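Chains, contacts and geometry: an overview
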Amino acid sequence: MCIRDRVFVLSWATARTLTGPIHRLAAGTRELSQGNWDIRVGTSAPGELGSLAREFNFMSGKLGELDRLKDQFVHAVSHDLRNPLGAILASARMLRNDNIPVESKTLIEVIETGVTRLSAMVNNILDAACLQERSLTYAVEPFALD
């Protein structure tokens, strides 16, 4: 094997040693961008590439932890908002049935409409949180398209 061939083989091996970890980090980054917080890359690369891989793995774990905390927060807050909204709506409906001036009935209708809309939003947020936790149950039923 001539010197030129040896240099080529050595260059090729060096390039593979450096580009392999970079390709693995790029693939991990693509997975992470899709929301796969459990992705980890190999950390056996030499020098700075190995350090970068360890930092990537740490970041991926932290992002997963933050995402879980966010989901728990959204679920808890939306769940806790349902009770006061229900109490406000029930109170407004009771007031509407009392003997009150027409102007007050209009304000009570505004309260009822606002609470109903807010309750729908809270329920949608809770449903989205349940979807992410995979705890939402649904029933499949046939229906007529016409």
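I will try to describe carefully the structure that is included in this document. (Residues numbered from 1 in each chain as written. Predicted model: local features only at pLDDT ≥ 70, side-chain atom pairs only at ≥ 80, totals over all residues. Heavy atoms only, no water.)

Next up on the list: the overall build of the protein chain. Across its full length, the protein chain carries three helices and zero strands. Along its sequence from the N terminus, the protein chain presents helices and strands in the succession α-α-α. Radius of gyration (C-alpha) of the protein chain: 29 Å, far over the 15 Å computed for a compact globule of 146 residues. Looking at the protein chain residue by residue over its 146 residues, the buried ones come to 20%. Looking at the protein chain alone, contacts between residues at least 24 apart form 52% of all its contacts between residues at least 6 apart. Just so you have it, the protein chain exposes about 11300 Å², and 62% of that area is on carbon and sulfur atoms. (Helix = DSSP H or I, 4+ residues; strand = E, 2+ residues; numbered from the N terminus. Rg over C-alpha atoms; globule rule 2.2 N^0.38 Å. Buried < 20%, exposed > 50% of the residue type's maximum accessible area, 1.4 Å probe, protein only. Contact = heavy atoms within 4.5 Å. Areas by Shrake-Rupley, 256 points an atom, 1.4 Å probe, with all protein chains shown as cover.)

In this section: helix H1 (residues 3–33). Over its 31 residues, H1 runs 45 Å from end to end, which matches the ideal 45 Å to within 8%, given 1.5 Å per residue. Along H1, the residues classified as buried are Gly20, Pro21, Leu25, Gly28 and Leu32. Directly after H1, the chain includes Gly35, whose backbone phi takes a positive value near 95°. (Expected span 1.5 Å × (residues − 1).)

All right, on to the packing of helix H2 (residues 47–97) against helix H3 (residues 102–133) then. Relative to each other, H2 and H3 sit at 155°, their axes nearing to 8 Å. Considered as vectors, H2 and H3 are oriented roughly antiparallel to each other. As for how H2 packs across H3, the hand of that crossing is left-handed. Of the residues that constitute the contact of H2 with H3, the class distribution is 16 nonpolar, seven polar and nine charged. (Axes fitted to C-alpha atoms, helices over the stretch in contact; angles between N-to-C directions. Parallel < 35°, antiparallel > 145°, perpendicular 65-115°, else oblique. Left-handed = near helix turned anticlockwise from the far one by under 90°. Nonpolar A, V, L, I, M, F, W, Y, C, P; charged D, E, K, R; others polar.)

Packed helices, taken two at a time, are described by the angle their axes make and the gap between the axes. Across the interface, H1 lies against H2 with an axial gap of 10 Å and an inter-helix angle of 10°. If you check the angle between H1 and H2, you find them roughly parallel. Seen from H1, the contacting residues are Leu18, Pro21, Ile22, Leu25, Gly28, Thr29 and Leu32; seen from H2, they are Leu49, Leu52, Ala53, Phe56, Met59, Ser60 and Leu63. Residues of the contact of H1 with H2, tallied by class, amount to eleven nonpolar, three polar and no charged.

Here the focus is the pattern of salt bridges. Counted under the stated rule, the structure contains four salt bridges. In this structure, Arg96 engages Glu112 in a salt bridge whose closest nitrogen and oxygen atoms are separated by 3.0 Å. Of this pair, Arg96 sits in helix H2 while Glu112 sits in helix H3; the two residues are 16 residues apart in sequence, bridging distant segments of the chain. Several salt bridges share partner residues, and in doing so they unite Asp67, Lys70 and Asp71 into one network. (Salt bridge = Lys/Arg side-chain N within 4 Å of Asp/Glu carboxyl O.)

By the secondary structure assignment, Ser60 is in helix H2. Relative accessible area serves as the criterion here: at 0%, Ser60 is assigned to the buried category. When near neighbours in sequence (up to four residues on either side) are disregarded, Ser60 contacts Leu32, Asn36, Trp37, Asp38, Ile39 and Arg40.

Quick look at the nonpolar core now. Core analysis: the largest hydrophobic core is formed by six residues, namely Leu25, Leu32, Ile39, Val41, Ala53 and Phe56. Elements supplying a minimum of two residues to this core: H1 and H2. Each residue touching Phe56, except ones within four places of it in the same chain, is listed here: Leu25, Gly28, Thr29, Leu32, Ile39 and Val41. (Core = buried A, V, L, I, M, F, W, Y, C linked by side-chain atoms within 4.5 Å.)

A surface patch of nonpolar side chains, amounting to about 350 Å² of accessible area, comprises Met59, Leu63, Leu66 and Leu69. Within the element layout of this structure, Leu69 appears in helix H2. On the basis of relative accessibility, which here comes to 45%, the residue Leu69 falls in the partly exposed class. (Patch = residues over 30% accessible without salt bridge, like charges linked within 9 Å, V, L, I, M, F, W, Y side chains within 5 Å.)

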